[in-house]
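Listed here are the chains, written in short residue letters.
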Amino acid sequence: MNDPAQMSANLVVAGVGGQGVVLAGNIISEVTLAYGLDVKKAEVHGMSQRGGSVSAQVRFGPEVHGVLVEKGRLDWIVAFEWAEALRWLPLLGSHGSVFASTEQVIPPVSLRDRVEGKVRYPLEFTQHPRIRAFDASGLARQAGNVKTAGVALLGALSSALPFSVEAWHQAIKEWVPAKAVEVNLRAFDLGRQWQSAPPPRPVPVSELVPRQVWLSLEESWCKGCGICVNVCPERIWRLNERNVVEVQEVERCTGCGLCEKLCPDLAIDVVVESASAAAWGGAKLWQPN
Amino acid sequence: MATATKTRALLLGNEAIALGALHAGIRVATGYPGTPSTETLEYLAKIAPPSVAVEWAINEKVALDEGVGAALVGARTLVTMKHVGLNVAMDAWMTSPLVGVNAGLVLLVADDPGMHSSQNEQDSRYLGRFAGVPIFEPTDSQECYSFVRAAFLASERWDSPVMVRTTTRISHSRSPVHTEEPDAPERRSFRRNPGKYVMLPANARSGRLRFLERLPQMAEWAENHPFNQEELRSTAVGVIAGGAAYQYVRDVMPEASVLKLGIAHPMPEAKIRAFAGKVDRLLVVEESEPYLEDQIRNLGIPVQGKAWFPRAGELSPQLVRQGLVRAGVLAPDGLEPSPEEWPETVARPPVLCAGCPHATPFLVLREIGAYVNGDIGCYTLGAAPPLLAMDTCLSMGSSVGLAVGMAKAGVRDQPIVAAIGDSTFLHGGIPGLIDAVWNDLDITVLILDNGTTAMTGGQPHPGTGHNLRAGDLPRLDIAQLCRTIGVRSVVVVDPYDVGATHRALLAATRYRGVSVAITNRPCVQAPVKLFGRSYAVNAERCDGCQLCMNLGCPALGWNLTHPDRRIARIDRDQCTGCTVCAQICPQSAIVPTAAD
Ligand SMILES: Cc1ncc(C[n+]2csc(CCOP(=O)(O)OP(=O)(O)O)c2C)c(N)n1
Ligand code: SF4
Ligand code: SF4
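Remember, predicted model here, so these are calculated numbers, not experimental data.

Criteria and thresholds
Residues numbered from 1 in each chain as written. Chains lettered and ligands numbered in written order. Predicted model: local features only at pLDDT ≥ 70, side-chain atom pairs only at ≥ 80, totals over all residues. Heavy atoms only, no water. Helix = DSSP H or I, 4+ residues; strand = E, 2+ residues; numbered from the N terminus. Rg over C-alpha atoms; globule rule 2.2 N^0.38 Å. Buried < 20%, exposed > 50% of the residue type's maximum accessible area, 1.4 Å probe, protein only. Contact = heavy atoms within 4.5 Å. Areas by Shrake-Rupley, 256 points an atom, 1.4 Å probe, with all protein chains shown as cover. Pairing = 2+ DSSP bridges. Axes fitted to C-alpha atoms, helices over the stretch in contact; angles between N-to-C directions. Parallel < 35°, antiparallel > 145°, perpendicular 65-115°, else oblique. Left-handed = near helix turned anticlockwise from the far one by under 90°. Nonpolar A, V, L, I, M, F, W, Y, C, P; charged D, E, K, R; others polar. Domains from an automatic or database assignment. Buried area = accessible area lost by both parts, 1.4 Å probe. Salt bridge = Lys/Arg side-chain N within 4 Å of Asp/Glu carboxyl O. Polar contact = N/O pair within 3.5 Å; in protein donor to acceptor, adjacent residues only side chain to side chain. pLDDT = per-residue confidence, 0-100. Near = heavy atom within 4 Å. Core = buried A, V, L, I, M, F, W, Y, C linked by side-chain atoms within 4.5 Å. Phe/Tyr/Trp six-rings, centres within 6.5 Å; stacked < 30°, edge-to-face > 60°.

### Here we look at the overall build of chain B
Along the backbone of chain B there are 20 helices and 22 strands. For 596 residues, the compact-globule estimate of 2.2 N^0.38 gives 25 Å, and chain B sits close to it at 27 Å. Overall size of chain B, expressed as C-alpha extent along the three principal axes, is 80 × 70 × 55 Å. By residue count, 61% of the 596 residues in chain B fall in the buried class. Long-range pairs, those at least 24 residues apart, make up 76% of the contacts in chain B between residues at least 6 apart in sequence. Summed over its atoms, the accessible surface of chain B is roughly 22,800 Å², and 54% of this surface lies on carbon and sulfur atoms.

### Structural notes on the sheet that holds strand 2 (residues 28-31) of chain B
All names here are of chain B. Ordered in space as 3-2-4-5-7-6-12, the seven strands form an open sheet in which the pairing is mixed. Lying at the two open borders of the sheet, with one neighbouring strand each, are strand 3 (53-54) and strand 12 (263-265). Direction of pairing for strand 2 relative to strand 3: parallel, over a ladder of two bridges. Residue pairing across strands places A29 opposite V54, the latter belonging to strand 3. The sheet strands contacting helix 7 (residues 141-158) are strand 4 (77-82), strand 5 (105-111), strand 6 (135-136) and strand 7 (162-167), and the helix crosses strand 7 at an angle near 155 degrees.

### Quick notes on the packing of helix 15 (residues 359-368) of chain B against helix 19 (residues 498-510) of chain B
Residue and element names in this part refer to chain B. Relative orientation of the contacting elements helix 15 and helix 19 amounts to 50 degrees, with a least axis distance of 9 Å. Between helix 15 and helix 19, the angle is such that the two are oblique. For the crossing formed where helix 15 meets helix 19, the hand is right-handed. Facing T360, P361, V364, L365, E367 and I368 of helix 15, the residues of helix 19 in contact are V498, T501, H502, L505, L506 and T509. Residue composition of the contact of helix 15 with helix 19, grouped by class: seven nonpolar, four polar and one charged.

### Details of the domain arrangement of chain B
Residues and elements named next belong to chain B. According to the domain assignment, chain B contains domain 1 (8-223), domain 2 (230-333), domain 3 (359-520) and domain 4 (535-592). Domain 1 and domain 2 are separated by 27 Å when their C-alpha centres are compared. With 30 residues of domain 1 at the contact, the number on the domain 2 side is 30 residues. Carbon and sulfur atoms make up 53% of the surface buried where domain 1 meets domain 2, a total of about 2,300 Å² over both sides. It is R125, T139 and E223 in domain 1 that bury the most area against domain 2; as a group they hold 27% of the surface buried on that side. Our count for the contact surface shared by domain 1 and domain 2 stands at three salt bridges. On inspection of domain 1 and its partner domain 2, the count reaches 17 residue pairs in polar contact (both at pLDDT 80 or more). Among the secondary structure elements, those contributing two or more residues to the side of domain 1 that touches domain 2 are helix 6 (125-131), strand 6, helix 7, strand 7, helix 8 (168-171) and helix 10 (201-223). No other element matches helix 10, which puts six residues into the side of domain 1 that touches domain 2.

### With respect to the confidence of the model for chain B
Parts of the model with low pLDDT should not have their predicted coordinates read in detail. Overall, the predicted model of chain B reaches an average pLDDT of 95, with 98% of residues at or above 70. Here the predicted complex scores 0.95 on pTM and 0.94 on ipTM.

### Let's talk about the site of ligand 1
Residue and element names in this part refer to chain B. Contacts to ligand 1 come from 25 residues, most closely from E60, H358, D422, T424 and A454. Between ligand 1 and the protein, one listed contact pairs an oxygen atom with a backbone N or O atom of S423 at 2.9 Å. Elements with a contribution of two residues or more to the shell around ligand 1: helix 4 (83-88) and helix 17 (422-438). Grouping the amino acids of the shell around ligand 1 by side-chain chemistry returns 10 nonpolar, 12 polar and three charged. Shared between two domains, the shell around ligand 1 holds at least three residues of each, these being domain 1 (8-223) and domain 3 (359-520).

### Section: the nonpolar core
Counting residues in hydrophobic clusters, the biggest one holds 104 residues, and the most contacted among them are F362, L433 and I443 of chain B. Per element, the largest residue contribution to this core is six residues, and it comes from helix 15 of chain B.

### Re the sheet that holds strand 9 (residues 228-231) of chain B
Residue and element names in this part refer to chain B. Strand order in the open sheet formed by four strands is 9-11-10-13, with mixed pairing between adjacent strands. Both outer strands of the open sheet, strand 9 and strand 13 (281-285), are each paired with one neighbouring strand and no more. Going from strand to strand, the sheet's axes swing by 20 degrees on average, the running direction of each strand aside. Sheet strands touched by helix 12 (residues 269-278): strand 9, strand 10 (234-241), strand 11 (256-261) and strand 13. Its angle to strand 11, the strand with the most contacts, is close to 175 degrees.

### Topic: the site of ligand 3
Contacts to ligand 3 come from 13 residues, most closely from C553, C575, C578, T579 and C581 of chain B. Partitioning the shell around ligand 3 into residue classes produces nine nonpolar, four polar and no charged.

### Describing the domain arrangement of chain A
Split by domain assignment, chain A resolves into domain 1 (4-193) and domain 2 (211-288). Distance from the C-alpha centre of domain 1 of chain A to the C-alpha centre of domain 2 of chain A: 48 Å.

### Here's the deal with the interface of chain B and chain A
On the side of chain A, 91 residues touch chain B, which itself brings 77 residues to the contact. Both faces combined, the contact of chain B with chain A buries some 7,200 Å², and carbon together with sulfur accounts for 56% of it. Taken as a group, R174, W342 and R348 of chain B account for 12% of the area that chain B buries against chain A, more than any other trio of residues on that side. There are nine salt bridges connecting chain B and chain A. Across the pair R59 of chain A and D251 of chain B runs a salt bridge whose closest N-O atoms are separated by 2.7 Å. At the surface where chain B touches chain A, the tally comes to 26 residue pairs in polar contact (both at pLDDT 80 or more). Mapped onto the side of chain B that touches chain A, the elements with two or more residues apiece are strand 1 (9-12), strand 8 (173-177), helix 11 (243-252), helix 14 (317-326), helix 15 and strand 20 (556-558) of chain B. When grouped by side-chain class, the residues that make up the side of chain B that touches chain A number 36 nonpolar, 20 polar and 21 charged. Two elements, strand 2 (residues 38-43) of chain A and strand 8 of chain B, share two bridges in a ladder whose sense is antiparallel. Each residue of the ladder has a partner; that of K41 of chain A, found in strand 8 of chain B, is R174 of chain B.

### Things to note about the pattern of salt bridges
Counted under the stated rule, the structure contains 42 salt bridges over all chains. Across the pair R73 of chain A and D333 of chain B runs a salt bridge whose closest N-O atoms are separated by 2.3 Å. With R73 of chain A in the loop between strand 3 (53-61) and strand 4 (74-79) and D333 of chain B in the loop between helix 14 and helix 15, this residue pair bridges two chains. Where R174 of chain B meets E15 of chain B, a salt bridge forms, and the shortest distance between an N and an O atom there is 3.3 Å. Here R174 of chain B is found in strand 8, whereas its partner E15 of chain B is found in helix 1 (residues 13-23), with 159 residues between them in sequence. Residue R174 of chain B is classed as buried on the basis of its relative accessible area, which comes to 7%.

### Digging into the packing of aromatic side chains
All names here are of chain A. One pass over the structure, following the stated rule, counts 13 aromatic pairs over all chains. Summarising the aromatic geometry, the rings of W76 and F99 are spaced 6.1 Å apart at their centres and angled 20 degrees between planes, so their arrangement reads as stacked. Of the two residues, W76 is situated in strand 4 and F99 in strand 5 (residues 92-101); the sequence distance between them amounts to 23 residues. Each member of the pair, W76 as well as F99, carries the same accessibility label: buried.

Dropping the structure here:
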């Protein structure tokens, strides 16, 4: 293995808010510092508190200048969340590899296709010799606290780097609050012992049966109260100049039937036809509750 | 074990600035939060002894005024803000070099190229040069520490405030820092000198002459300052750079000669000429604007910069490499990323937190159809899907003025609303509200009072009853303040009560004249994380209508295994139990979980 005091490498720790990404980056930096190496670490703060991506780039070696990793020069990705691992893959060098948690945090933007119910999120786990994906949260739970998943991943990473276990333990002690040191050390050791596991399987997602929706409006019954305009989850009704509602972007109608149910003048009809109309709720769905 | 003993601390650029200021012997530090400058004061509050006053100010203008006051009476003082903050403080900033400082006054301005968390990207170096003060530009945490210390000395030497300008990658990066013995500056006292300190025109005229006199002396000082360093290597190409750009150049083209400018104002003209004479090709690599490039060209020196490097956004080593390759001074290195076609991932834009008290008011405003002038804070996300309830957002406090402007312009078809956070209202919204009352206009100001400055991480403000370190302070009553200003319709409403919020906002927007509605639920993240009993979706009742999904609550998602529709599902770990989704569910399918 490389002489630790001469080694240089570029890493990215990636995850989402609250997973301890910044802390993990600090632990790695502290380890390299203990070997007399130079180290630079970039953190992305800002929007992290509100569910955005969080990352820390760590560059270490005998001499390091900039804090950012250049495309094609990334050696390691340590990802606490699956989609965040994928985000950094385009920067990975041809020898770079990945330790990724199989944790999947599906953001609200992934759930915008309400008509077809498609999930815009990489649910499949990519099989690749340089991507090691495993259930870090499981290891963390085994260690005693699911929040130590990130440190378990550092344990796995540590087995690929030439730094001593003692140096890692010391860095963890320095950066983790005193009362959490024990459980983090356990998680680290479990991660370090982690060898390989059968490739993880994605969560099953049901395929929705295609269906057809018809919306009809009896214009002469509409008195322009605007209730449907406000209740429609897709916001596709609007009041026109004649103070009668009309539909814009009818293709966005999911057939939920709320407007039909709440129209006080029974002016709206929503008809859903589907191969499994009965299973979809059938007649029951359209009755006022 | 080969581990050496630890002699260096790993500090964030902002922390290094705080430590440098402390070691320079500051007695006062103030500022207004703003990414990426915020951690500086927060870290100082942790490490400084109680004898150093470390507290937030109500806005940047007041912070700088306080800094001038403290420096004049002899206390070395640090003032911190983000780039746009200096716009707010600009009036004081431009005259402060004429007044002078007595004890050192250093202003940290943190720019945010690429707008990681800002409403614009602007290059503060122009504002330092505009005011005619020295600008120090560190390239890593070590320099943050030593440059700030030097900045205090420069401030006293030139009897002028000094700007330390960082960018996100300097302020928010961690690297090792060696510290040195702290200074114990002699205690200076205030000596009355109205001829210098009172900016009557006659005094300001002599102040201006003093100022103009020192500029050439300052330029000479910058010529010989060790922070401007010539690193002569290959003479084929010479690069002039400072800040983060310097580091990228060193990484990407280690063989290039570099003139590193640690002082961005005044520019060392002779040094630049000499350097230009030693290299065949002269380039400037700088982030944001062609600040150095234009000045160098004005000296009559042939130079290129923005022809190869972007002006918008943040620089990166890739962009620097591409620029140098296109400029023809660097051969492509053939190093390619791994050739695989990787699967696509999904964007993860920020969202309001689960249970954020800002969600309901925007849901309601959208229903009312009001013209909503938003403002700067977490609630700016009310503009994003799925809430989509904001029409404008300009700068901190602007919402009220924009609403007043719309009313003056005669908009009548829909109610006009200004939606503004508590911290932002106190920072810059009050004068606008006074104007609205004064002109008897028909607007509604919605003050989203979550008891903190949430966007920047939860800093206190005058409405919280405490400051960064001091507790038990007078608590400003925002409703009372509005009444005192002359607003006759002031209502406080619980944003977790959808019906009440609807009624309150409907009444406020129908009111003739200025009305104020204030929401009163605390931020669920800061100062403490709030959790209540979580809610769950009854899969039998939920018909998948997606109405709850319009809240944008990140705890709400889909049950992906249901065979024929996407019914809702609540992530128990994220749900804070705000009850809002349960209130809007037409099927009453959202119910509290059993108490733990
Ligand atoms: C002039 C200026 N100063 C500081 C900032 C940084 N900043 C962004 S939002 C914000 C305040 C947010 O607080 P508040 O209005 O209470 O809204 P909240 O985030 O709590 O919802 C600050 C200080 C800025 N954008 N502009
Ligand atoms: S931090 Fe507070 S104010 Fe900001 S989105 Fe979260 S709950 Fe809302
Ligand atoms: S009660 Fe509903 S809206 Fe509130 S936090 Fe829980 S899931 Fe989100």
